[in-house]
Amino acid sequence: MVESKLTLEEQMMARAISNATKARPRCMPNPWVGAVLVSSDGQTFDGFTQEFGSGHAETVCLNEAGQKAQGATLYVTLEPCSHSGKTGPCVERIIESRVSRVVIGMKDPDRQVCGEGIKSLQSAGVDVVVGVLEDLVAEQLAPYVHHRNTGRPYVILKIATTLDGKVAAPDGSSQWITGPEARREGHKLRAYSDAICVGRGTVISDNPQLTVRDWSADDDIDKNLDPRRIVLGSVPAEAAIHPCYEFRGDLFELLDELGNDGVLQLLVEGGASTYKAFHDLGLVNEYQLFLAPAFMGGSDGLSIFSGDSSQSMTDLWRGKIQDVVELGNDIKVTVVPEHN
């Protein structure tokens, strides 16, 4: 996205999208929304969703602007809410502030909103524009959108691997394949997830805590960012992962249960049989591969997916690369299914 080629509306929406990055994970389970208010004399006021139960992005802007909100244009990544929850309806505050125009990135797929916020604004005489940089907003809010559309969490497979696709040595050891920068990014991914899942074998071999230790938002240093921990199967009482939910059953049932409980994003961290189970059932929305510049060599190391391989090149699973980032000596590659 080249900013010089964007319209003014797109530039302001891009700024709102940037503001939204500051909301997560503090705002969870609310969607991470950004906003910008431009007053009639050209002053700008930024906002993003605050900690759950506090102000939404729009109200943060309105509070900052005060009387300057009258006649202003408000840019917001997601349709303002029209219902009461932990806070009052944002549309009421917008109307009361006498904002003249609202530019929205995308309509809210939540059934409690889904166009009602737009209708309320229009009925009050506010000029409303919808769909500015919608694809970028939808990508940023992918876990939230997926949850509201399907009732299930957005599933991310986080895989630390050698260049030849090995996730553990023949003796079962897997720590550490990647370096400190990649591990820090992995812990950030944990903080951004509502729940984290591993198989029983990973607990037995690695005894992981699955907590957020190596990353914190600048102002959330003392906040507990640990996701809910789930194990597929039963584990020893002395395992470091406790307290955890020991699940036995169908993965579809697990996702339905978590979705009903408000989990927007589920992070799956291993092992190979667990990766394979989610992958084969088509339950993965995003694969984040942390590639170390290392080779294990041979064929007795544990591959990313255990079990049978594709029997022919025509049977290969294919996706698309969404992003590539350098992390110290490692590389993170984000892959999504072609139909995602």
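Above this text sits the structure in question.
Residues numbered from 1 in each chain as written. Predicted model: local features only at pLDDT ≥ 70, side-chain atom pairs only at ≥ 80, totals over all residues. Heavy atoms only, no water.

Caption draft 1: View of the overall build of the protein. For the protein, the helix and strand inventory stands at 10 helices and 15 strands. For the protein, the C-alpha radius of gyration of 22 Å lies close to 20 Å, the compact-globule estimate for 340 residues. If one aligns the C-alpha atoms of the protein with their principal axes, the spans along those axes are about 70 × 45 × 40 Å. Burial analysis of the protein (340 residues in total) assigns 49% to the buried set. Across the protein, every contact between residues at least 6 apart in sequence was considered, and the portion connecting residues at least 24 apart equals 70%. (Helix = DSSP H or I, 4+ residues; strand = E, 2+ residues; numbered from the N terminus. Rg over C-alpha atoms; globule rule 2.2 N^0.38 Å. Buried < 20%, exposed > 50% of the residue type's maximum accessible area, 1.4 Å probe, protein only. Contact = heavy atoms within 4.5 Å.)

Caption draft 2: Examining the sheet that holds strand β4 (residues 101-106) more closely. As summarised here, the arrangement of the 5 strands in space is β2-β1-β3-β4-β5, forming an open sheet in which the pairing is mixed. The sheet terminates laterally at β2 (44-48) and β5 (127-130), the two strands that pair on one side only. The average undirected angle you get between the axes of adjacent strands in this sheet is 15°. Sheet topology places strand β1 (residues 34-38) next to β2; 5 bridges connect them, and they run antiparallel. Residue pairing in the sheet places Gly-34 in a bridge with Phe-48 of β2. Where helix α1 (residues 8-20) meets the sheet, its contacts fall on β1, β2, β3 (73-78), β4 and β5, and the angle it forms with β1 comes to roughly 135°. Along the sheet, helix α4 (residues 116-123) contacts β4 and β5; its crossing angle with β5, the most-contacted strand, is approximately 150°. (Pairing = 2+ DSSP bridges. Axes fitted to C-alpha atoms, helices over the stretch in contact; angles between N-to-C directions.)

Caption draft 3: Structural context of the environment of Asp-194. Summarising the element assignment, Asp-194 is placed in the loop between α7 (180-191) and β8 (195-199). Along the primary structure Asp-194 and Gly-271 are separated by 77 residues, whereas in three dimensions their C-alpha atoms are 19 Å apart. Here Gln-265 takes part through its backbone nitrogen, which lies 2.9 Å from a polar atom of the side chain of Asp-194. (Polar contact = N/O pair within 3.5 Å; in protein donor to acceptor, adjacent residues only side chain to side chain.)

Caption draft 4: Main features of the layout of surface pockets. A volume near 1200 Å³ is recorded for the largest pocket. Lining of the largest pocket is provided by 39 residues; of these, Arg-24, Glu-139, Gln-140, Glu-286 and Gln-322 occupy positions nearest its centre. Those elements that place two or more of their residues in the lining of the largest pocket are α1, α5 (134-140), α6 (142-150), β6 (154-162), α7, β12 (286-292), β14 (319-327) and β15 (330-337). It is α5 that provides the largest number of residues to the lining of the largest pocket, a total of 6 residues. When grouped by side-chain class, the residues that make up the lining of the largest pocket number 17 nonpolar, 8 polar and 14 charged. (1 Å grid on protein atoms, 1.4 Å probe; cavity = no way out; pocket = protein on both sides within 12 Å on 5 of 7 lines; lining within 4 Å. Points joined across faces, edges and corners; volume = space filled by probe spheres on them. Nonpolar A, V, L, I, M, F, W, Y, C, P; charged D, E, K, R; others polar.)

Caption draft 5: The arrangement of α6 in detail. Three or more residues of α6 are buried, namely Ala-142, Pro-143, Tyr-144, Val-145 and His-147. Lining the buried residues of α6 we find β3, β4, α5, β6, α9 (251-260) and β11 (265-270). In the stretch just after α6, Gly-151 is the one whose phi turns positive, near 80°.

Caption draft 6: Representation of the pattern of salt bridges in the model. In the structure shown here, the tally under the stated rule is 11 salt bridges. Taking the shortest distance from any N to any O, the salt bridge between Arg-228 and Asp-261 comes out at 2.8 Å. Of the two residues, Arg-228 sits in strand β9 (residues 228-232) while Asp-261 sits in the loop between α9 and β11, which places them 33 residues apart along the sequence. Linked through salt bridges whose partners overlap, the residues forming this network are Glu-9, Arg-101 and Asp-127. (Salt bridge = Lys/Arg side-chain N within 4 Å of Asp/Glu carboxyl O.)

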